[in-house]
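Residue strings, one per chain:
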Amino acid sequence: MRINLIAVGSKMPGWVEQGYKEYARRLPSDFSLNLIEIPLSKRGKSIDLKRAIKKEGELMLAAIPAGDHVISLEVEGKAWTTDKLVQQAEHWRQSGRNVTLLVGGPDGLAPACCERAQQRWSLSALTLPHPLVRIVIAEQLYRAWSILHNHPYHR
């Protein structure tokens, strides 16, 4: 199974890249995590924010591989416990489908991305820094994998 993490933003600080890569590299090839970065649209006084978010959404939707199960990360999504994420990961694996996770930019996901998703997941009711979300997702997926395989990491 392949998990694609499509996230708006590139040129992340070194600590973000290092943290994400640390957990992504720990995952085996049959549970791999692949980051696809979508450029952040320009923001400014003369830029229409809705148009910028729509453009990011179009790029995200175009990057979703055919047949993937799509999950959007949204504040309004459903909160999952670690046990629930483990159940989800096992379900994804057994379904034989790859998974794509969508993470919007600092102004959120385009409505079209939310509509495309089969599930909506909330990491927290708190507002998390956009770059930190990549690390949290990678770590939580590694934690779920470690539980499924009785790896000592979770303990």
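As the structure is a computational prediction, the values presented were derived from the model and not from experiment.

Participant: Mind showing me how you'd approach the side chain of H69 here?
Facilitator: Looking at the secondary structure, you find H69 in strand 3 (residues 69-79). Filtering out sequence-adjacent residues up to four positions away, H69 remains in contact with W92, R97, N98, V99, T100, Q118 and Q119.

Participant: Would you explain the pattern of salt bridges in this entry?
Facilitator: Pairing is possible between side chains of opposite charge, provided their charged atoms come close. Within this structure, the stated rule accounts for six salt bridges. Close ionic contact of E139 with R143 constitutes a salt bridge, the shortest N to O distance being 2.8 Å. With E139 and R143 both in helix 5 (residues 130-148) and four residues apart, the pair spans about one turn of that helix. Here the residues in one salt-bridge network are E22, R25 and R26, joined through shared partners.

Participant: Sorry, what's going on with the layout of surface pockets here?
Facilitator: The gaps left among the atoms become clear once a water-sized probe is rolled over them. A volume near 480 Å³ is recorded for the largest pocket. L73, E74, V75, G105 and L128 are, among the 22 residues lining the largest pocket, the residues nearest its centre. Mapped by element, the contributors of at least two residues to the lining of the largest pocket are strand 3, strand 5 (119-122) and helix 5. The element contributing the most residues to the lining of the largest pocket is strand 3, with four residues. Here the lining of the largest pocket is built from residues that sort into twelve nonpolar, seven polar and three charged.

Analysis parameters
Residues numbered from 1 in each chain as written. Predicted model: local features only at pLDDT ≥ 70, side-chain atom pairs only at ≥ 80, totals over all residues. Heavy atoms only, no water. Helix = DSSP H or I, 4+ residues; strand = E, 2+ residues; numbered from the N terminus. Contact = heavy atoms within 4.5 Å. Salt bridge = Lys/Arg side-chain N within 4 Å of Asp/Glu carboxyl O. 1 Å grid on protein atoms, 1.4 Å probe; cavity = no way out; pocket = protein on both sides within 12 Å on 5 of 7 lines; lining within 4 Å. Points joined across faces, edges and corners; volume = space filled by probe spheres on them. Nonpolar A, V, L, I, M, F, W, Y, C, P; charged D, E, K, R; others polar.

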